[in-house]
Amino acid sequence: MAGRINDEDVKAVRDAVPIDAVVSEYLQLRNAGGGNLKGLCPFHDEKSPSFQVSPSKGLFHCFGCQEGGDTITFVMKVDHLSFSEVVERLAGQAGITLRYEEGGYNPTHQRGERIRLVEAHKVAAQFYVEQLESPEAEIGRKFLAERGFDQAAAQHFGVGYSPAGWDHLTRFLRGKGFSDKEILLSGLSQEGRRGPIDRFRGRLMWPIRDIGGEVVGFGARRLREDDNGPKYLNTPETPIYRKSQVLYGIDLAKKDIAKSSRAVVVEGYTDVMACHLAGVTTAIATCGTAFGGDHIKILRRLLMDNGSARVIFTFDGDAAGQKAALRAFEDDQKFAAETYIAIAPDNMDPCDLRLAKGDDAVAELVEPRTPLFEFALRQIVGRYDLETPAGRAAALDEAAPVVARIKNSASQHEVAVQLAGMLGILDTQFVVKRVGQLARWARERGGRGPAPAAGRGGPGADPATATARPFGGPALTLRNPVFTTERELLKLALQYPQLVSPAFDAYGVDEFTADPYAAVRQAIMDAGGAEQGVHDPQQYLIAVREAAPDDAVRAMVTELAVEAIRRKTVDEAYAGEQLVTVRKRAVDRRIRDVQGTLTRLGAGGDPHQLAAVQNELWVLQQYGQALRERGADAL
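Criteria and thresholds
- Residues numbered from 1 in each chain as written.
- Predicted model: local features only at pLDDT ≥ 70, side-chain atom pairs only at ≥ 80, totals over all residues.
- Heavy atoms only, no water.
- Helix = DSSP H or I, 4+ residues; strand = E, 2+ residues; numbered from the N terminus.
- Buried < 20%, exposed > 50% of the residue type's maximum accessible area, 1.4 Å probe, protein only.
- Contact = heavy atoms within 4.5 Å.
- Areas by Shrake-Rupley, 256 points an atom, 1.4 Å probe, with all protein chains shown as cover.
- 1 Å grid on protein atoms, 1.4 Å probe; cavity = no way out; pocket = protein on both sides within 12 Å on 5 of 7 lines; lining within 4 Å.
- Points joined across faces, edges and corners; volume = space filled by probe spheres on them.
- Nonpolar A, V, L, I, M, F, W, Y, C, P; charged D, E, K, R; others polar.
- Phe/Tyr/Trp six-rings, centres within 6.5 Å; stacked < 30°, edge-to-face > 60°.
- Lys NZ or Arg CZ within 6 Å of the ring centre and 35° of its normal.
- Core = buried A, V, L, I, M, F, W, Y, C linked by side-chain atoms within 4.5 Å.
- Pairing = 2+ DSSP bridges.
- pLDDT = per-residue confidence, 0-100.
- Expected span 1.5 Å × (residues − 1).
- Arc of directions from axis to C-beta.
- Disulfide = S-S within 2.5 Å.
- Axes fitted to C-alpha atoms, helices over the stretch in contact; angles between N-to-C directions.
- Salt bridge = Lys/Arg side-chain N within 4 Å of Asp/Glu carboxyl O.

Enquirer: Which parts of the structure should I look at to understand the overall build of the protein chain?
Expert: Summing up its helical and strand segments, the protein chain has 27 helices and 18 strands in all. A total of 635 residues make up the protein chain; the buried ones form 50% of that total. Long-range contacts, defined here as pairs at least 24 residues apart, represent 65% of the contacts in the protein chain between residues at least 6 apart. Surface accessibility of the protein chain: about 29,600 Å² in total, with carbon and sulfur atoms responsible for 49%.

Here is the structure:
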């Protein structure tokens, strides 16, 4: 079996693949100042961006959840891959041939499970596309044509056809070197009486890609009357496919979603195709499941939850569509975007609407008009007889708790007023008070209530009021100017080593009074000192992270490496100020310790020991005086 990947090749991969290009495949990044970029963290749920990327350093760090690292670490965490899997994937993208320390390179070895399954899906997708040209697939081509999709449209979306035989794809994958175990694990085949057989047979095939553009599953549409299976058959849950975590069309729509801060959620694969062909290139769909919390997380990272973000749902107007709309409204508060619902005339879906009335009708359909909350409330209110006091009261009892879940108090008040109008209740304040009362009760029963105004030590927070993550002890408050300066000096040592070297490398670990900062100082020392960063800044940061004893220290290194310096102009004078301040405080602490020793020795102590302590005190006092008078020149 092939051994570990050559270190030089790993470094070549890091250098060849910019971290901002990789991260941008998963979330929208915006300018954060100082050469850094920011976005919504993919590793925890947040409403304001605390995730920062430093392209110049090749690092990312989230000031909210403390996740951080380089390009390889990011892909490992976001896609749940091993180190070698990520390096192999990025090397493939960069066109780098990897060398292995033992046994040479063998493409069938050292391949992680996920990479093998993704490769199997890639091969299968191409197989299905080629099969769409076969005589047997005429029924599939006719299906597409009847819905307004020509050959170019099929190619754009990678639509294919699965042959009706038992094991056409299975035998093809075996011929490409995939084992039966891999083929079954991928979900492309299933166990038959005599071994694996194709899961999809005689169906039209849509490849489902993740946000990075890799095929991870398929949606298969029934074409024949003698097919007893469901109308749509999707890939089962596999190590690379979770239907609650994928959105069909996200790979094609993500850039336009990020650019326009707008997303259109439709119900099926053909609806996505119709929308994109009609110019609505922000359309996506769920894959055989309800739109839920994990889907929201994907969209929020692209929308960035800014004030102009819009999400438009196109549900059918039938009972099932209304139910889907109400489910979507249940999760509405997880968006900072405004949500709307669009229902076509005669309850047509976008695919049928495009056929009947053309592209312009589809574009017109998805223009934001009816807020989702209004639609949801009207569905509730519509079930009651509003001509009677009892009907209005019952409708209020059901609708008021829905409005009470709106977290923003101004929005909650506005919707409560609208609810009063829907119910025909003239006493608007009665409805507003009722909603407010329910909201208070919900909080008192254990609701989290309003979130804190600022995160702990986030990039937008004031360092004077922020708190750093604790290292097994009380929170490290940055109101303390000692901690603030130590933090600033370490940031300079990691980001601008040329400004603090070689003086910084003479600083002892004990000159940093905060445990986290002392640990980072030790890691820099173990990595060869800040002077190493003058020659190769990126490799220096990698070395410091690798020298860190645990994940907590490693996270602190990344945090300090990407956090903005407190002054716009970063030069030798500013670096000198931080060096001097940290050293002066260390000298002052030592003077106090020595003075305490003198007091303990007293007049009757050992004369030689007393003289030595007095001499040390004199030297320290002279050095302290020099630092105060000459600044950095005295270091």
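Now that the structure has been shown, the text picks up again.
Enquirer: Help me understand the layout of surface pockets, please; the structure alone is not making it clear to me.
Expert: Gaps left between atoms show up when a probe the size of a water molecule is rolled over them. The space that makes up the second largest pocket amounts to roughly 860 Å³. Along its surface, the second largest pocket is lined by 30 residues, and Val-78, Asp-79, His-80, Gln-245 and Arg-301 are the ones closest to its centre. Elements with a contribution of two residues or more to the lining of the second largest pocket: helix H3 (71–79), helix H5 (113–131) and helix H12 (293–303). By residue class, the composition of the lining of the second largest pocket is 15 nonpolar, three polar and twelve charged.

Enquirer: Sorry, what's going on with the packing of aromatic side chains here?
Expert: Geometrically, a pair of aromatic rings is defined through the distance of the ring centres and the angle of the planes. Under the defined criterion, the tally for this structure stands at 18 aromatic pairs. When the ring centre of Phe-143 is taken as origin, the NZ or CZ atom of Arg-147, which lies over that ring, is 3.6 Å away. Over the ring of Tyr-507 we find Arg-583, and its NZ or CZ is 4.0 Å from the ring centre.

Enquirer: Explanation requested: the nonpolar core in the structure shown.
Expert: Counting residues in hydrophobic clusters, the biggest one holds 49 residues, and the most contacted among them are Phe-51, Phe-74, Ile-250, Ile-257 and Leu-299. Ranked by the residues each element gives to this core, the list is headed by H12, at five residues. The residues contacting Ile-250, other than those within four sequence positions of it, are Arg-209, Asp-210, Ile-211, Ile-257, Ile-284, Ile-298, Leu-299 and Leu-302. Counting 44 residues, the second-largest nonpolar core is a separate cluster that includes Ala-153, Leu-204, Ala-285 and Met-348.

Enquirer: Got a minute to help me understand the pairing of strand E2 (residues 36–39) in this structure?
Expert: The two faces of the sheet receive side chains in turn, since in a regular strand these alternate between them. Two elements, strand E1 (residues 30–33) and E2, share three bridges in a ladder whose sense is antiparallel. Bridge pairing links Gly-33 to Asn-36 in E2. The hairpin formed by E1 and E2 contains two residues between the paired strands, and Gly-34 there has a positive phi angle of roughly 65°. Across three bridges, E2 lies against strand E3 (residues 51–54) in antiparallel orientation. In the sheet register, Leu-37 faces E3, and the bridge partner there is Val-53.

Enquirer: When you look at the confidence of the model for the protein chain in this model, what are you seeing that I'm missing?
Expert: The predicted coordinates of low-pLDDT regions are not to be read in fine detail. Of the residues in the protein chain, 88% have a pLDDT of 70 or more, and the chain-wide mean is 85. Mean pLDDT across the elements of the protein chain bottoms out in strand E17 (residues 467–468) (42) and peaks in strand E6 (residues 160–162) (98). Predicted confidence for residues 104–110 stays below pLDDT 50, and this span has twelve contacts to residues more than four positions away or in other chains. In the model, residues 447–475 has pLDDT below 50 throughout and makes 42 contacts with residues more than four positions away in sequence or in other chains.

Enquirer: What exactly am I supposed to notice about helix H18 (residues 409–423) here?
Expert: Over its 15 residues, H18 runs 21 Å from end to end, which matches the ideal 21 Å to within 8%, given 1.5 Å per residue. Within H18 the residues assigned to the buried category are Gln-412, Val-415, Ala-416, Leu-419, Ala-420, Met-422 and Leu-423. The arc that holds every buried residue of H18, seen down its axis, measures 155°, which confines them to one face. Away from its buried face by more than 90 degrees, H18 exposes Ala-410, Glu-414 and Gly-421. Positioned one or two residues after H18, Gly-424 has a phi angle of 75°, which is positive.

Enquirer: What exactly am I supposed to notice about the state of the cysteines here?
Expert: Each disulfide consists of a covalent bond between the sulfur atoms of two cysteine residues. Under the counting rule described, the total for this entry stands at zero disulfides. Cys-62 forms no disulfide, and the closest cysteine sulfur to it belongs to Cys-41, at a distance of 3.6 Å. Residue classification places Cys-62 among the buried positions, given a relative accessible area of 0%.

Enquirer: Would you mind showing me how to read the sheet that holds strand E15 (residues 338–341) here?
Expert: Each strand in a sheet pairs with its neighbour through backbone hydrogen bonds, running either in the same direction (parallel) or in the opposite one (antiparallel). One open sheet accounts for five strands, arranged E13-E12-E14-E15-E16; its pairing is mixed. Single-partner strands in this sheet number two, and they are strand E13 (283–285) and strand E16 (370–371). Of the strands in this sheet, strand E12 (262–266) and E13 touch helix H11 (residues 269–277), which is tilted by about 175° from E13. Taken strand by strand, H12 contacts E12, E13 and strand E14 (310–313), and its axis lies near 155° from that of E12.

Enquirer: How should I be thinking about the environment of Gln-93 in this particular structure?
Expert: Mapped onto the fold, Gln-93 is located in helix H4 (residues 83–94). In this structure Gln-93 comes out as exposed when scored by relative accessible area, which is 54%. Between the C-alpha atom of Gln-93 and that of Val-17, which follows or precedes it by 76 residues, the distance is 8.3 Å.

Enquirer: Please clarify how the pattern of salt bridges should be interpreted in this entry.
Expert: For side chains of opposite charge, pairing can occur when their charged atoms come near one another. Summed over all chains, the structure comprises 32 salt bridges. With its nearest N and O atoms 2.8 Å apart, the salt bridge here joins Arg-583 to Glu-511. Here the residue Arg-583 occupies a position in helix H26 (residues 572–601), and Glu-511 occupies one in the loop between helix H21 (497–500) and helix H22 (515–526), the gap between them amounting to 72 residues. When salt bridges with common partners are traced through the structure, they connect Arg-487, Glu-488, Lys-491, Glu-559 and Glu-563 into a single cluster.

Enquirer: I keep staring at unusual backbone geometry and nothing clicks. Help me out?
Expert: Most peptide bonds are trans, and most residues other than glycine sit at a negative phi. Look at the link from Ser-501 to Pro-502: it is a cis peptide, with omega at 0°. Along the chain, Pro-502 falls in the loop between H21 and H22. The phi dihedral of Gln-66 falls on the positive side, at around 70°, and the residue is not glycine. Tracing the backbone through its elements, the reader meets Gln-66 in the loop between strand E4 (59–62) and strand E5 (68–70). Backbone geometry at Ser-261 places phi at a positive 55°, although glycine is not the residue there. Inspection of the secondary structure puts Ser-261 in the loop between helix H10 (250–260) and E12. For Ser-261, a relative accessible area of 5% gives the class buried.

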